[in-house]
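Breakdown of the fold
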Amino acid sequence: MTPPSAETELDPEATEYARLVGERLRAIRRQKRLSLQEAEELSGQEFKASVLGAYERGERAISVPRLHRLATVYQVPVDQLLPRDPGDPRSDGPYLDLTAPTAPAPRKIVIDLGRLDDIGGPTGEMLRRYLAMIQVQRQDFNGRVLTIRRDDLRAIACILDTPPDHATERLEQLGMLFQGTPVLTNPAR
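This write-up is about the structure you can find in this document. Counting from 1, residues in each chain are numbered in the order their sequence is written. For this predicted model, a pLDDT threshold of at least 70 governs which residues receive local features, and a threshold of 80 or more governs which side-chain atom pairs are given and counted, while totals over whole chains, interfaces and linings are taken from all residues. To get the side-chain values, take all heavy atoms of the structure and skip hydrogens and water.

Let us look at the overall build of the protein chain. Secondary structure elements are taken from DSSP: a helix is a run of H or I of four residues or more, a strand is a run of E of two residues or more, and numbering for both begins at the N terminus. Secondary structure summary: the protein chain contains seven helices and two strands in total. When the helices and strands of the protein chain are listed from N to C terminus, the series reads α-α-α-α-β-α-β-α-α. Looking at the protein chain residue by residue over its 189 residues, the buried ones come to 39%. Restricting the contact set of the protein chain to residue pairs at least 6 apart, pairs at least 24 apart contribute 60%. Of the roughly 11200 Å² of accessible surface on the protein chain, a fraction of 54% belongs to carbon and sulfur atoms. Any residue under 20% of the maximum accessible area for its type is buried, any over 50% is exposed, and the rest in between are partly exposed; the area is computed with a 1.4 Å probe on protein chains only. Contacts: residue pairs with any heavy atoms within 4.5 Å of one another. Per-residue accessibility takes into account occlusion by the displayed protein chains alone, with areas from the Shrake-Rupley method and a 1.4 Å probe.

As structure tokens, then:
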């Protein structure tokens, strides 16, 4: 008789944790707007759609090395694939789910994350780090765009060495604004 795999047979506590991990895996995959088959393709067939589905349903526990590789495939920090402990202050609110419809917010600034690599030097590196920090804080890992709030814009203005009321203009000059999105006319207020 073959011994059960560590990834298939779980005790009740581990089963519950596997379910919670699965919820996070599904939420991140959906934020990336990937089907299970697309996630399989993105991983170079390392993660089969059926296995990813079993992980997401909590029917199968994922090993730490595979969790790390999946985080790399999804391009998110590995800790974002894990559920939060009840005592964690970040666990008060739900995780951001980009699949839920939201009302369009008027007059917003949306950064085109695909253009980040076009900005070199220390300024580009600081901007990349700051925007990555915002993504982790908001758990917004769609990887394409990031909506900037007024307070974020003030910090970006400092990074770009420009007054806050010219930050939007500077972002536009750098080609960082997502095209077709209305922008704040007076962000300093």
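Let's pick the thread back up.
This part takes up the environment of aspartate 165. Its location among the elements puts aspartate 165 in the loop between helix 6 (150-159) and helix 7 (167-173). Residues aspartate 165 and leucine 153, twelve residues apart in the sequence, show an inter-C-alpha distance of 9.2 Å.

What follows deals with unusual backbone geometry. Located in the positive-phi region is glutamine 75, a residue other than glycine, with phi close to 60 degrees. With a phi close to 55 degrees, glutamine 139 is a non-glycine residue in the positive phi region. The topology assignment puts glutamine 139 in the loop between helix 5 (121-138) and strand 2 (145-148).

Bringing the nonpolar core into the picture now. One recurring pattern in soluble globular proteins: nonpolar side chains tend to sit buried together. In these notes, a set of buried Ala, Val, Leu, Ile, Met, Phe, Trp, Tyr and Cys residues joined through side-chain atoms within 4.5 Å is what counts as a nonpolar core. Grouped together as the largest cluster of nonpolar side chains are 20 residues, with contacts concentrated most on Ile111, Leu127, Leu131, Ile148, Ile156 and Leu171. Setting aside chain neighbours within four positions, we find isoleucine 148 in contact with Ile109, Ile111, Leu131, Ile134, Leu153 and Ile156. Counting residues in hydrophobic clusters, the runner-up holds 18 residues, among them Phe47, Leu70, Tyr74 and Phe141.

Here we come to the side chain of glutamine 135. Residue position: glutamine 135 is located in helix 5. Using a relative accessible area of 14% as the deciding quantity, one classes glutamine 135 as buried. In this structure glutamine 135 touches Leu113, Asp140, Phe141, Gly143 and Leu146, once residues within four positions along its chain are discounted.

Quick look at helix 5 now. In a regular helix each residue adds 1.5 Å, so 18 residues correspond to 26 Å; helix 5 covers 26 Å between its end C-alpha atoms and thus fits that length. Within the sequence span of helix 5, burial applies to Gly124, Leu127, Tyr130, Leu131, Ile134, Gln135 and Arg138. The buried residues of helix 5 all sit within an arc of 140 degrees when viewed along its axis, so they share a single face. Among the exposed residues of helix 5, those pointing more than 90 degrees away from its buried face are Pro122, Arg129 and Gln137. On the buried face of helix 5, the contacting elements are strand 1 (109-112), strand 2 and helix 6. Note on helix 5: the residue one or two positions beyond its end, glutamine 139, has a positive phi of about 55 degrees. Expected span of a helix, by definition, is 1.5 Å for each gap between consecutive residues, and there is one gap fewer than residues. In this context, the arc is that of the directions from the helix axis out to the C-beta atoms.

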